[in-house]
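Report on the structure
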Number of protein chains: 2
Amino acid sequence: MQDVYVLGVGMIKFGRYPDKDVSQLGAEAALGALTDAGMSIKDIEMFVCGNLFQANAMNGQKILQQIGQTGIPVFNVSNACATGSTAFREAYVGVASGMYDVTMAVGVEQMGKMGLLGGGARSGGESVEGVLGSGLMPAVFGQAGVEHMRKYGTTAEQFAKISVKNHKHSVHNPLSQYQVEVSLGDVMKARMVAYPNTLYMCCPTGDGAAAAILVSEEKLKQFTTKPIKVAASVLTSDPYTDRDLTMPDVNTLTQNAAKQAYEKSGLGPQDLDLVELHDCFATAELLHYENLGLCGEGEAGQLIDQGETALGGKIPVNVSGGLLSKGHPLGATGVANIYELVNQLRGNGGARQVEGAKAGLAHVIGLGSACTVHILTA
Amino acid sequence: MQDVYVLGVGMIKFGRYPDKDVSQLGAEAALGALTDAGMSIKDIEMFVCGNLFQANAMNGQKILQQIGQTGIPVFNVSNACATGSTAFREAYVGVASGMYDVTMAVGVEQMGKMGLLGGGARSGGESVEGVLGSGLMPAVFGQAGVEHMRKYGTTAEQFAKISVKNHKHSVHNPLSQYQVEVSLGDVMKARMVAYPNTLYMCCPTGDGAAAAILVSEEKLKQFTTKPIKVAASVLTSDPYTDRDLTMPDVNTLTQNAAKQAYEKSGLGPQDLDLVELHDCFATAELLHYENLGLCGEGEAGQLIDQGETALGGKIPVNVSGGLLSKGHPLGATGVANIYELVNQLRGNGGARQVEGAKAGLAHVIGLGSACTVHILTA
């Protein structure tokens, strides 16, 4: 196993691209990463594409048809919402193995042309949850929030503050799907989707793409003197079959992945300067404060009240705007998190820069089940 | 990079399973591989699922829900017809990297519940080929055969003999979808699908699943004294964008992959005892004789005439019955090839055993584009 570094990242503005297709969006992000790395497509030795809803359409190969076909190994992965981060991880494994010195991961999704999303992997008539309709994501994460309220006295306002914070962060991110502030009143008064999450506490649908180039230490030295290292790359699945409608796997999946990532990197939550975590719903972000060890059990409500996870706080979370405002084009999300961390660790965060950031964590959860945790260090 | 071995394989009979779903079929094959290896699901450290048509449905995780969830990394891959072999390859990379000592790949597909297949990755209105309808697989491989006839004088009878041979082989394979002999007359008189391929020269649609367990040398020694080694694992994509309706990529993809596999293994075509190659159509098998170096350019017609690729010949091809008779449930095919090689290299081929088999090659091509070549040795 050799050390792995991120040399280049690219990303398109999340939004709607009705005149383009999935491979065009992916190609733009890939070209961005090549430019950022100072590389040609001929330098890439292996390519992984993460896309969920057209997972069988050979999108990895179609992207290369647009930016340069060189005959390298290409494959396509899917893992629910963790699709992009799984692509990043497999590109990481390619370099870590010693098999390749340069690999690329692209995560891409086009949701704008689709109808309303159902419950994804949990929908359909196969499972009790699917039949009852609780497989619908808003219901799942609503219930998870309600359970936190019941256990620890967390309030609807505390969940709503997450949305206020992330929307505020996104104002400084030109690649965010939305770049508008919302007040606590706006969030609380918005249309209820699934208690306690109102409309502004649910991530939007949209199109997007992001790309990352991973390299060995030897290759890195030829291109830069400022390494961004992948200190840990972890993928977990459910350790049991859940038939519990409070969805404990939302928590245990993340807890297991975080534990492994901290062990592998030799870092703990106290060493992190920023976190990009999976705030598909406001309730999810609050729960993951505890799951990732950013605070103790039952203390997440206080953490948001005290502003510690806002830019300028002790441990800024989702300074990119998060899924709630930056957007959540499923396959793109995991690589977009990496894009944000890399730019922050380089000190290129602009108005949303976390001062002196040296270590960041990216977290993605896919129900069905998959969870990734990556720790990057400067 | 450490050496990788196949410790266990499993496979269900290819056919139609209208009362089951994809994950149930995959689970049966996985249990078969565990039994064959003498392992428990708790021994598996990483799991890759290959499935094409429900590629976004988290089938890997669903399989583990049935046979045992342990929290290990699980991800889902797709790569057109090379989906199963890509899953096998990524499981191989996991062990080769030193990251894991035991990984499992499952390839599975359920086509019986689907309507008629179109052109897969090449269909639709995006490309010239798609619009013209030549993206339909029968047309693609018909044209490739016609081009071989034009260039080298190959005859329709020579292509038809491939079907006769593979159907004859399949009589001895209890897991084959069809187990009946067909005469040269039967094949030639069957309904024409796309010249020169008649109905019996096209693979059937069906359901199927196969699984393989890969291990490091250290783990291998704890379980067996008869190693089956993965001497080469290669994945290639198109080195250029083709707009040639004679489909040169059908040939170059395989030629490039074979060249790399021979280099990595240190073996040549003359060292092989058997080959399982991608006979999605009879024309394809004949072309691949040359692409894999089993004979010289333009000599493939003679090779089949002389019976050298039949059981008992110089280099038996598709003794399992091949895709033409064993069947071609897309995601399962690549792992099923490995199943056949492993059993042959163990001397467990029964009535279709290739005497003294010590080295075998498995080849899969996915249009769109992906090609895998694996060489296994006893």
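Residues numbered from 1 in each chain as written. Chains lettered and ligands numbered in written order. Predicted model: local features only at pLDDT ≥ 70, side-chain atom pairs only at ≥ 80, totals over all residues.

**A word on the overall build of chain A**
To keep things clear, this is the line we draw: Numbering of helices and strands runs from the N terminus; a helix is a DSSP stretch of H or I covering at least four residues, while a strand is a stretch of E covering at least two. By the convention adopted here, residues are in contact when the distance between their C-beta atoms, placed from the backbone, does not exceed 7 Å.
Scanning chain A from N- to C-terminus turns up 13 helices and 11 strands. Projected onto its principal axes, the C-alpha coordinates of chain A cover approximately 55 × 45 × 40 Å. Contacts spanning at least 24 positions in sequence make up 77% of the contacts within chain A whose residues lie at least 6 apart.

**Brief notes about the confidence of the model for chain A**
All names here are of chain A. To keep things clear, this is the line we draw: A score between 0 and 100, pLDDT records how confident the predictor is in each residue.
Averaged over every residue, the pLDDT of chain A is 92; the share at 70 or more is 92%. Here residues 116-126 is modelled with pLDDT under 50, and outside its nearest four sequence neighbours on either side it reaches 27 contacts, counting other chains as well. Here residues 128-134 is modelled with pLDDT under 50, and outside its nearest four sequence neighbours on either side it reaches 15 contacts, counting other chains as well. Among the scores for the predicted complex, ipTM is 0.93 and pTM is 0.95.

**A short note on the relation of the copies chain B and chain A**
Two chain copies here: they are related by a rotation about an axis and a translation along the same axis. Applied cut-off: Superposing copies: least-squares fit, C-alpha atoms only, residues required to have pLDDT of at least 70 in both.
Taken as rigid bodies, chain B and chain A are interconverted by a rotation of 180° and an axial shift of 0.0 Å, the fit giving an RMSD of 0.0 Å. Read as a symmetry element, the transformation amounts to a two-fold axis.

**Some words on the packing of helix 3 (residues 83-96) of chain B against helix 13 (residues 330-345) of chain B**
All names here are of chain B. We apply this condition: To obtain each axis, a line is fitted to C-alpha atoms, and for helices this fit is confined to the stretch in contact; angles are then taken between N-to-C directions over 0 to 180 degrees. An angle below 35 degrees is read as roughly parallel, one above 145 as roughly antiparallel, one from 65 to 115 as roughly perpendicular, and any other as oblique.
As a packed pair, helix 3 and helix 13 sit with axes 5 Å apart at the nearest point and diverge in direction by 55°. One way to sum up the angle between helix 3 and helix 13 is to call them oblique. Every residue of helix 13 that contacts helix 3 at T83, G84, S85, T86, A87 and F88 is listed here: L330, G331, A332, T333, G334, V335 and I338.

**Some words on the nonpolar core**
Selection criterion: A set of buried Ala, Val, Leu, Ile, Met, Phe, Trp, Tyr and Cys residues, joined to one another through C-beta atoms within 7 Å, is what we call a nonpolar core. Burial is judged by counting other C-beta atoms within 10 Å of a residue's own C-beta: 20 or more means buried, 12 or fewer means exposed, and anything between counts as partly exposed, with every C-beta placed from the backbone.
Judged by nonpolar contacts, the single largest core of 262 residues is most densely connected at V106(A), V335(A), V106(B) and V335(B). Those residues in contact with V106(B) that lie beyond four places of it in its chain are G26(B), A29(B), A30(B), C49(B), I63(B), A87(B), A209(B), A211(B) and V335(B).

**Thoughts on the interface of chain B and chain A**
The parts lose accessible area when they come together, and the size of an interface is often stated as this lost area. Applied cut-off: When DSSP locates at least two bridges between a pair of strands, those strands are taken to pair.
Taken together, the contact between chain B and chain A spans 43 residues of the former and 43 residues of the latter. Secondary-structure elements contributing two or more residues to the side of chain B that touches chain A are helix 2 (59-67), strand 3 (74-78), helix 3 and strand 8 (229-236) of chain B. Two strands pair when backbone bridges link them, and strand 3 (residues 74-78) of chain A and strand 3 of chain B are joined in this way by three bridges, in the antiparallel orientation. When the bridges of strand 3 of chain B are listed, S78(A) appears paired with N76(B).

**Some points on the environment of M192(A)**
All names here are of chain A. As for its position among the elements, M192 is in strand 5 (residues 192-194). The exposure class of M192 is partly exposed, given the 13 C-beta atoms found within 10 Å. Along the backbone, M192 and L330 are 138 residues apart, and their C-alpha atoms lie at a distance of 23 Å.

**Remarks on unusual backbone geometry**
Here Y195(B) and P196(B) are connected by a cis peptide whose omega angle stands at 5°. In this fold, P196(B) is placed in the loop between strand 5 (192-194) and strand 6 (197-198). Residues other than glycine seldom take positive phi values, yet M58(A) does so here, at roughly 55°. Judged by the 31 C-beta atoms lying within 10 Å of it, M58(A) is buried. Backbone geometry at N318(B) places phi at a positive 55°, although glycine is not the residue there. Assessed through the 27 C-beta atoms surrounding it within 10 Å, N318(B) is described here as buried.

**Observations concerning the pairing of strand 10 (residues 359-366) of chain A**
Residue and element names in this part refer to chain A. Counting buried positions along strand 10 gives seven out of eight residues, so the element sits mostly inside the fold. Bridging between strand 10 and strand 11 (residues 370-377) involves eight bridges; their strand directions are antiparallel. Bridge pairing in strand 11 links V364 to T372. Between strand 10 and strand 11, which pair antiparallel one after the other, the connecting turn spans three residues, and G368 there sits at a positive phi close to 135°.

**Observations regarding helix 9 (residues 249-265) of chain A**
Residue and element names in this part refer to chain A. Note the threshold: Any helix carries an expected span of 1.5 Å times its number of residues minus one.
With 17 residues, helix 9 should cover 24 Å at 1.5 Å per step; its first-to-last C-alpha distance of 24 Å lies within 8% of that length. Inspection of helix 9 places D249, V250, L253, T254, N256, A257, A258, A261, Y262 and S265 among the buried residues, and these make up the whole buried set. Among the structural elements, helix 5 (137-152), strand 8 (229-236), helix 10 (282-291), strand 10 and strand 11 are those in contact with the buried residues of helix 9. Just downstream of helix 9 lies G266, where phi reads positive at about 75°.

**As for the environment of S85(A)**
Residue and element names in this part refer to chain A. Of note, S85 is situated in helix 3 (residues 83-96). A tally of 35 C-beta atoms within 10 Å means that S85 is categorised as buried. Each C-alpha atom of the pair S85 and T333 lies 7.5 Å from the other, and the pair is 248 residues apart in sequence. Those residues within four positions of S85 in sequence are excluded, and the remaining contacts are G334, V364, T372 and H374.

**Brief notes about the pairing of strand 3 of chain B**
All names here are of chain B. Counted residue by residue, strand 3 has five buried out of five residues, so it is predominantly covered. Side chains of strand 3 alternate between two faces, with V74, N76 and S78 and F75 and V77 buried alike. Direction of pairing for strand 2 (residues 46-50) relative to strand 3: parallel, over a ladder of four bridges. Paired with G50 across the bridge in strand 3 is V77.

**Examining helix 10 of chain A**
Residues and elements named next belong to chain A. Across the 10 residues that make up helix 10, a large majority, 10, are buried. Among all positions of helix 10, only A282, T283, A284, E285, L286, L287, H288, Y289, E290 and N291 are buried. Within two residues after helix 10, G293 carries a phi angle of roughly 80°, on the positive side.

**Topic: the packing of helix 6 (residues 156-170) of chain B against helix 10 (residues 282-291) of chain B**
Residues and elements named next belong to chain B. Using the following cut-off: For this classification, Asp, Glu, Lys and Arg are treated as charged, while Ala, Val, Leu, Ile, Met, Phe, Trp, Tyr, Cys and Pro are nonpolar and the rest, including Gly, are polar.
At a closest axis distance of 8 Å, the pairing of helix 6 and helix 10 adopts a crossing angle of 100°. Here helix 10 runs roughly perpendicular to helix 6, going by the angle between their axes. Residues Q158, F159, A160, I162 and S163 of helix 6 touch helix 10, and the partners they reach there are A282, T283, E285 and L286. When grouped by side-chain class, the residues that make up the contact of helix 6 with helix 10 number five nonpolar, three polar and one charged.

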